[in-house]
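Summary of the model geometry
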There are 2 protein chains.
Amino acid sequence: MTDNLMAFLNEKKLAIDTQLTKAIEKLHAPDELKEAMNYSISAGGKRLRPILLLSTIEALGEEESLGMGTAIALEMIHTYSLIHDDLPAMDNDDLRRGRPTNHKVFGEAAAILAGDALLTYAFECLVSNSEKLSDTLKLKLTRKLAHAAGPEGMVGGQQEDLSAEGRELSIDQLKHIHDLKTGRLLTFAIESGALIGGANDEQLKGLRRFSKHLGLAFQIRDDILDIEGNEEDIGKPVGSDEANNKSTYPKLLSLQGAKDTLHDHIDQALVVLESLDLKSSRLEQLTHYILDRKQ
Amino acid sequence: MTDNLMAFLNEKKLAIDTQLTKAIEKLHAPDELKEAMNYSISAGGKRLRPILLLSTIEALGEEESLGMGTAIALEMIHTYSLIHDDLPAMDNDDLRRGRPTNHKVFGEAAAILAGDALLTYAFECLVSNSEKLSDTLKLKLTRKLAHAAGPEGMVGGQQEDLSAEGRELSIDQLKHIHDLKTGRLLTFAIESGALIGGANDEQLKGLRRFSKHLGLAFQIRDDILDIEGNEEDIGKPVGSDEANNKSTYPKLLSLQGAKDTLHDHIDQALVVLESLDLKSSRLEQLTHYILDRKQ
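First things first, this report covers the structure right here in the doc. (Residues numbered from 1 in each chain as written. Chains lettered and ligands numbered in written order. Predicted model: local features only at pLDDT ≥ 70, side-chain atom pairs only at ≥ 80, totals over all residues. Heavy atoms only, no water.)

What to know about the packing of helix H6 (residues 108–128) of chain A against helix H7 (residues 135–149) of chain B
Following both chains from N to C, one finds H6 of chain A and H7 of chain B inclined at 145°, their axes separated by 8 Å at the closest point. In the packing of H6 of chain A onto H7 of chain B, the handedness of the crossing is left-handed. Together, Thr 120, Phe 123, Glu 124, Val 127 and Ser 128 of chain A of H6 of chain A and Leu 139, Thr 142, Arg 143, Ala 146, His 147 and Ala 149 of chain B of H7 of chain B make up the contact between the two elements. Looking at side-chain class alone, the contact of H6 of chain A with H7 of chain B contains 5 nonpolar, 4 polar and 2 charged residues. (Axes fitted to C-alpha atoms, helices over the stretch in contact; angles between N-to-C directions. Helix = DSSP H or I, 4+ residues; strand = E, 2+ residues; numbered from the N terminus. Left-handed = near helix turned anticlockwise from the far one by under 90°. Contact = heavy atoms within 4.5 Å. Nonpolar A, V, L, I, M, F, W, Y, C, P; charged D, E, K, R; others polar.)

Next comes the structure, spelled out in structure tokens:
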């Protein structure tokens, strides 16, 4: 990673972290609830989704700050999904990013409520923290976020993942589950950035295509990191997919096949980007980052 | 209950049930998820919140159907809260309305996801199923619903309830928890009906006051039913509050004191209603129903 990209990522992350912390601090809510919400919100995520959102706005020449309300809403929904995913009844994970998971610290009941609170509050933040957007656009973003995160999107993918436990998946089934589980929120990041940035129809379509390749690349890289990554960097034991007998890209395509496919999607993402009339240097850098990331 | 009121409640319930079932049926989502969502949605609730919403619109002389999108969103959020509340980590209830609770039938993981799905989909339904409302009004309703259901509302109340377990509460603490846990959604029902029905400022303020008395009356009646109710009607064992050592109105005020307070709130709710220029006969009937209800 270049120093320039690292500085950019750190700067954006700081701006997003500040807004997230502010949004939770100002709540008139029970301290136990705020603490549990804040614990997971400030657990050191990469903020990839909100950074993609803001960078898409920038690529269209618009003011990034227009998207901050949507960006923090998106990160809250991503965070709630991790809290619920880690629960004993779900993946039963004790560690996330090297720290005890939410329910390990606050108990299961409080973790369920912290997740529910973040999910609900996300919609309030989107609607309330976007003063400069038109009501029509805010409504569109609300509908798209609910759709991406709901039964036809992320939650649907979690259910399919649950139902697939112990079954060998085909590559198409694996792709489908990942598209729902992680792809839809990544696509929302880029699509909402495009809408806020005033993309024309061609740019909107292109950016959606870009986001599909990026989402797949992101997931394949995740699976490769589970084999080749450094435990300290990824914050969990290497080899956990293998140990849990999970269907992954390396398992279905071989490690080399997965790497080739990863490169394919990165190349295609870059080709789409170049074809659009955008100031896309940040989006290009982020695409390379997804290829090279260590965590 | 008069035959007239019973017929009215049944008719409204049927209309709401139909829309709820339709909304879930049309989802392109995993069957297991739709089944678990539908199980709790069609578990035979009274639909009190959506009926209050629609009746408030009617009292203002507007077309009830304008509020159907908001009404089903509200009922979905109420239903998700029951599913999560019943989980082993929360109240650990095996029965609700005489049927096994969601996690007893579908397992804990699927019950958590069904709740998450209903909560998220509620916002999509509110925004998508209200074509005739202005964008500005839809946004206002979205913000108010998220606020009423989120960390400063219902979820906050659930956390306070959790933290209060085993502690003796003062009457003010009890009121505060109930205001958050059940009052806020009831107030949203009436306030959103008022906004959709085009209430003027005075009517809006009055209807909010009305909803506060109604919410308190509803909760006190609930506590009394736990002592004097019929197990078959209420769908759970009588005396469970006492057995769980829960703070209730009868415990803090004596049974007679709770009944007096219940009548006070009903009287005050009716006085407020009369003072407003509304076609309020349905709202009056619903107020009497809350006083007399057996379940």
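A closer look at the relation of the copies chain A and chain B
Here the second copy of the chain follows from the first by a rotation about an axis and a shift along it. Superposing chain A onto chain B takes a rotation of 180° plus a shift of 0.0 Å along the axis, which leaves an RMSD of 0.0 Å. In symmetry terms, the pair is related by a two-fold rotation axis. An overlap of 100% is found between the interface residues of chain A and their copies at the interface of chain B, pointing to a shared contact surface. (Least-squares fit on C-alpha atoms with pLDDT ≥ 70 in both.)

A word on empty space enclosed by the protein
One water molecule sets the probe size; rolling that probe over the atoms shows where empty space is left. Enumeration according to the criterion identifies 2 cavities of 30 Å³ or more in this entry. Computed from the structure, the largest cavity encloses a volume of approximately 160 Å³. Together, 18 residues line the largest cavity, and Ser 40, Ala 43, Ile 83, Asp 86 and Arg 96 of chain A are the ones closest to its centre. At the level of elements, helix H2 (31–41), helix H4 (68–86), strand S2 (99–100) and helix H5 (102–106) of chain A are the ones that each hand at least two residues to the lining of the largest cavity. Per-element tally for the lining of the largest cavity: the top contributor is H4 of chain A, with 6 residues. In the lining of the largest cavity, the residues fall into 5 nonpolar, 7 polar and 6 charged. Approximately 120 Å³ is the volume found for the second largest cavity. Forming the walls of the second largest cavity are 13 residues, and the residues nearest its centre are Ser 40, Ala 43, Asp 86, Arg 96 and Asn 102 of chain B. Among the elements of the structure, helix H2 (31–41), helix H4 (68–86) and strand S2 (99–100) of chain B are those that each provide at least two residues to the lining of the second largest cavity. Among the elements that line the lining of the second largest cavity, the one with the most residues is H4 of chain B, at 4 residues. (1 Å grid on protein atoms, 1.4 Å probe; cavity = no way out; pocket = protein on both sides within 12 Å on 5 of 7 lines; lining within 4 Å. Points joined across faces, edges and corners; volume = space filled by probe spheres on them.)

From the geometry alone we can't say anything about function, so treat these as descriptive.
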